[in-house]
Every structure is written in C-alpha cells, then in structure tokens.
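Structure assessment
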Amino acid sequence: DDARWIADGGDDGQLFLRDRVTGRIISLRGHKGRIRHVELTGDALLSSDSEGVVRRWQLPAAAPALFEATAGVDLLASDGTYLGGVDASGNVWRWTLADAHREQVGHVDGRIVAVGVANGTVVTGSSEGVATFWTSPPVAQHVPGNITAIATAGVRVAVASAVGPIATFSSA
C-alpha cells in the first residue's frame, strides 16, 4: 500500500524511504546523480537521476532492479509492464519492468518531445509532428504541428499537437 511509504531524494543522489507504520528510515543507495523523480507504484518504488539511471526498488526496501541506457535518459513512460524511454543520444529503449531486460528498439535524429508505451510498444513524438511506433519495422504517423503530448490506454494512443484535433491510433 503506497500510504505506508514516503520517498524523497536530493541533489546529492541520496534517496530515502520512510516507513509510516514503523517510523524506520531506509537509505537507498545506487544513484550518483541528482534524484529527478520518485514514484511509489504498488509494491515498488521507481526512481531516476540526472545521469539517466532508472531503478525499480521492490518494497519493502530490497535491492533495486537497474534500468540503464547508454546515455542520460531524457523522457520516460510506462504501461505498467514495460518502461520506454529516449536517451540523450537519440536511442529509443524498452525495458521489461519484471526483470529489467533492456532492448534498444530504435534511434531518432529529430527532437523528441513526448513518449508513451501502448501494450508494450514504445511511441515517440517529435517536434516535427511525427509519432513513431517502434515496432519492427517502425511505423511513422504524421500529425499537423509539433506533438505536445502522448497518452495511452491499452493499445489506444492519443497524440496531441499544437495544431488541430487530437489524433488517435492503435498500436496493435
């Protein structure tokens, strides 16, 4: 239950987990860069740092699953089973949350501004209005204007842009 735990991190890479039931404070070690994000999700804590390392800590306070890329990860999204992201070099990654298996699913040259994961498929959105579904082979969908957000629900993908209506697609 998320109400049991409070997580916080700092600029020095320190990450702490507080048990509201027992009062115990647990120091979680593994990040070197500034903590950028913490999220409690059921029986796990997700954390990311400024060096692009994403960790999944099984609660209560077990060793983390490590999700690494070859460069700092700029954007992340999850569908609850998979984690998708784009690193600073333009590599598009997909990790399996259950076992931290990492797979590079593609590479982008343009500026990526949004990421989503739909039923295991990583979807990236560019400032040039291209939504790419990273399947084999990748499928590009064009929308008017630059993409501002991607939302997913199951196989459905909604892409919002600075111009025009929200476009909907299926990842299936």
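The shown structure was predicted, so the numbers you read here are calculated from the model rather than taken from an experiment. The numbers attached to residues start from 1 for each chain and follow its sequence in the written order. It should be noted that, the model being predicted, local features are given only for residues of pLDDT at least 70 and side-chain atom pairs only at 80 or more, the latter also being counted only at that level, while totals for whole chains, interfaces and linings use all residues. As a rule here, side-chain values cover all heavy atoms of the structure and leave hydrogens and water aside.

Thoughts on the nonpolar core
Which entries qualify depends on this criterion: The set of buried Ala, Val, Leu, Ile, Met, Phe, Trp, Tyr and Cys residues whose side-chain atoms join them within 4.5 Å is what this entry labels a nonpolar core. For the exposure calls, accessible area comes from a 1.4 Å probe over protein chains only, and a residue counts as buried if that area is under 20% of its type's maximum, exposed if over 50%, partly exposed in between. Numbering of helices and strands runs from the N terminus, with a helix taken as a DSSP run of H or I at least four residues long and a strand as a DSSP run of E at least two residues long. In what follows, a contact means two residues having at least one pair of non-hydrogen atoms within 4.5 Å.
Counting residues in each nonpolar core, the largest one holds twelve residues, listed as Ala-114, Ala-118, Val-123, Ala-131, Phe-133, Val-143, Ile-147, Ile-150, Val-157, Val-159, Ala-167 and Phe-169. When residues of this core are traced back to their parent elements, those giving at least two are strand S12 (112-118), strand S14 (130-133), strand S16 (147-153), strand S17 (156-161) and strand S18 (167-170). Here Phe-133 is in contact with Thr-121, Val-122, Val-123, Pro-138, Val-139, Gln-141, Val-157, Phe-169, Ser-170 and Ser-171, once residues within four sequence places are set aside.

Focus on the packing of aromatic side chains
To be explicit about the condition: Only Phe, Tyr and Trp rings take part, Trp by its six-membered ring, and two of them pair if their centres are within 6.5 Å. Stacked means planes under 30 degrees apart, edge-to-face means over 60, and tilted covers everything else. Two conditions define a charge located above a ring, namely a distance within 6 Å from the ring centre to NZ of Lys or CZ of Arg, and an angle within 35 degrees of the ring normal.
A full pass over the atoms with the stated rule returns one aromatic pair. A centroid spacing of 6.0 Å and a plane angle of 75° characterise the contact between Phe-133 and Phe-169, whose relative ring orientation is edge-to-face. Taken as a pair, Phe-133 in strand S14 and Phe-169 in strand S18 lie far apart in primary sequence, 36 residues in all. Under the relative-accessibility criterion, Phe-133 is labelled buried at 4%. In this structure, Arg-94 is placed above the aromatic ring of Tyr-82, and the distance from its NZ or CZ to the ring centre is 4.8 Å.

Brief notes about the confidence of the model for the protein
We count it as follows: Here pLDDT means the predictor's own confidence in every residue, given as a number from 0 to 100.
This prediction gives the protein a mean pLDDT of 87; 95% of its residues lie at or above 70. The secondary structure element of the protein with the lowest average pLDDT is strand S7 (residues 64-67), at 63, and the one with the highest is S14, at 97.

A look at the sheet that holds strand S15 (residues 139-142)
The line we're drawing: If DSSP finds at least two bridges between two strands, the strands pair. Only C-alpha atoms enter the line fits that serve as axes; for helices the fit covers just the stretch in contact. Angles between N-to-C directions range over 0 to 180 degrees.
Across the sheet, which stays open at both edges, the four strands sit in the order S12-S13-S14-S15 with antiparallel pairing between neighbours. Bordering the open sheet on either side are S12 and S15, each of which pairs with just one other strand. Across this sheet, the average inter-strand angle for adjacent strands is 20°, counted without regard to direction. Bridging between S12 and strand S13 (residues 121-126) involves six bridges; their strand directions are antiparallel. Note on S13: the bridge partner recorded for Gly-116 is Val-123.

Considering the pattern of salt bridges
In a structure, side chains of opposite charge can pair up when their charged atoms sit close to one another. Inclusion rule: The salt bridge criterion pairs a side-chain nitrogen of Lys or Arg with a carboxyl oxygen of Asp or Glu, the two atoms within 4 Å.
Evaluation of the coordinates by the stated rule reveals three salt bridges. Where Asp-8 meets Arg-18, a salt bridge forms, and the shortest distance between an N and an O atom there is 2.6 Å. On the criterion of sequence distance, the pair formed by Asp-8 in strand S1 (residues 5-9) and Arg-18 in strand S2 (residues 15-19) is long-range, its members being ten residues apart. The class of Arg-18 is partly exposed, set by a relative accessible area of 31%. Close ionic contact of Glu-103 with Arg-94 constitutes a salt bridge, the shortest N to O distance being 2.7 Å.

Observations regarding the pairing of S16
Where S16 and S17 come together, six bridges link them in antiparallel fashion. Bridge pairing links Ala-149 to Ala-160 in S17. Here S16 hands over to S17 after two residues, with Gly-154 in that stretch at a positive phi of 65°.

Focus on the sheet that holds S2
Adjacent strands of a sheet pair through backbone hydrogen bonds, lying either parallel or antiparallel. Read across the open sheet, the three strands follow the order S1-S2-S3; overall the sheet is antiparallel. Pairing within the sheet leaves two strands with one partner each, and these edge strands are S1 and strand S3 (25-28). Each strand of the sheet is rotated relative to its neighbour by a mean of 20°, with strand direction disregarded. Both S2 and S3 contribute to a ladder of four bridges, which runs antiparallel.

Observations regarding the environment of Ile-166
Mapped onto the elements, Ile-166 comes out in the loop between S17 and S18. Along the backbone, Ile-166 and Leu-97 are 69 residues apart, and their C-alpha atoms lie at a distance of 29 Å. Apart from the residues lying within four places of it in its own chain, the contact partners of Ile-166 are Ala-158, Val-159 and Ala-160.

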